[in-house]
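Summary of the model geometry
Single-letter residue listing:
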Amino acid sequence: MTTRTLIVEIDDTQLVSLPYGINLCIAMQVNCISNVVWASRKLEHLSKKNPFQWTDEYQIFGAHADFISNNPLNIRFGQMTTYSADGYISSPVDDPDVVGNTIRVHNDFDDAYIGISAKLEGEYLPVFVSPTPLVLQADTDFKPVDNVIVFWSSTDTTSTMTSHITGPSIEVDLTAQATQTVSFTGPPNQGKFFPGPLPPPAA
């Protein structure tokens, strides 16, 4: 199982000039959507080098209008599960028809939503909630990818849903290269994200 590491470097100017209360956030893509903050760190907890580390381990949970499951189930790529008519998710089973980095859900529950959590630094945290109800009596595939968005937010925190990212951000694809670094640098109040580490100090 591959361990993926994202390192976010922040220069000293930004660490002292970013507004108090802002959070560094990351969100993972599932089905080409990033709608849940996977992790956030407060500015006062950040340093010049900030690593985030994860493996491709997932859980699935169900929801509808007034219920969110408190009993998530571990699920792997190539497995499927059923959201039953009485509101329970069955234990995932291997399915040869589910290929690639895919998780499949068969839905028999009216007004059902599915959530997916991924393991970050030893803890399962939500990365996705289906934005619309699943089609009744049909299969829906979910494809988490190691493609994350890094951004700043004064309102978003870990596990909150987000629909619109404003301000500086950067997309990082870790599917082919398991360890990557991005940096945030620039004049006070004008910082931007860049691929790669911070430039070396001037001689």
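Report on the accompanying structure. (Residues numbered from 1 in each chain as written. Predicted model: local features only at pLDDT ≥ 70, side-chain atom pairs only at ≥ 80, totals over all residues. Heavy atoms only, no water.)

All right, on to the sheet that holds strand E13 (residues 144-153) then. The strand order across the open sheet formed by 4 strands is E3-E2-E13-E14, and the pairing between neighbours is antiparallel. The sheet is open, and its two borders are formed by strand E3 (39-42) and strand E14 (169-173), each paired with just one other strand. Each strand axis lies, on average, 15° off the axis of its neighbour in the sheet, ignoring direction. (Pairing = 2+ DSSP bridges. Helix = DSSP H or I, 4+ residues; strand = E, 2+ residues; numbered from the N terminus. Axes fitted to C-alpha atoms, helices over the stretch in contact; angles between N-to-C directions.)

The next point concerns the nonpolar core. Ranked by size, the top nonpolar core spans 43 residues in total, and within it Leu6 and Trp38 carry the most contacts. Residues within four places of Trp38 in sequence aside, it is in contact with Ile26, Ala27, Met28, Trp54, Ala118, Lys119, Leu120, Leu125, Pro126, Val127, Val148 and Thr158. The next biggest cluster of nonpolar side chains, apart from the first, holds 5 residues, and it includes Cys25, Val37, Ile149 and Phe151. (Core = buried A, V, L, I, M, F, W, Y, C linked by side-chain atoms within 4.5 Å. Buried < 20%, exposed > 50% of the residue type's maximum accessible area, 1.4 Å probe, protein only. Contact = heavy atoms within 4.5 Å.)

For strand E11 (residues 123-129), a buried count of 5 out of 7 residues is recorded, marking the element as mostly surrounded by other parts of the structure. Note: strand E10 (residues 113-120) against E11, 6 bridges, orientation antiparallel. Residue pairing in the sheet places Ile116 in a bridge with Phe128 of E11. Between the end of E10 and the start of E11, which pair antiparallel, lie 2 residues, with Glu121 showing a positive phi angle near 50°.

Read from one edge of the open sheet, 4 strands run E8-E7-E9-E12, paired in mixed fashion. Whereas interior strands pair on both sides, the edge strands pair on one side only; in this sheet they are strand E8 (93-94) and strand E12 (138-142). Sheet analysis places strand E9 (residues 103-107) next to E12, joined by 5 bridges and oriented antiparallel. Bridge pairing in E12 places Ile103 opposite Phe142.

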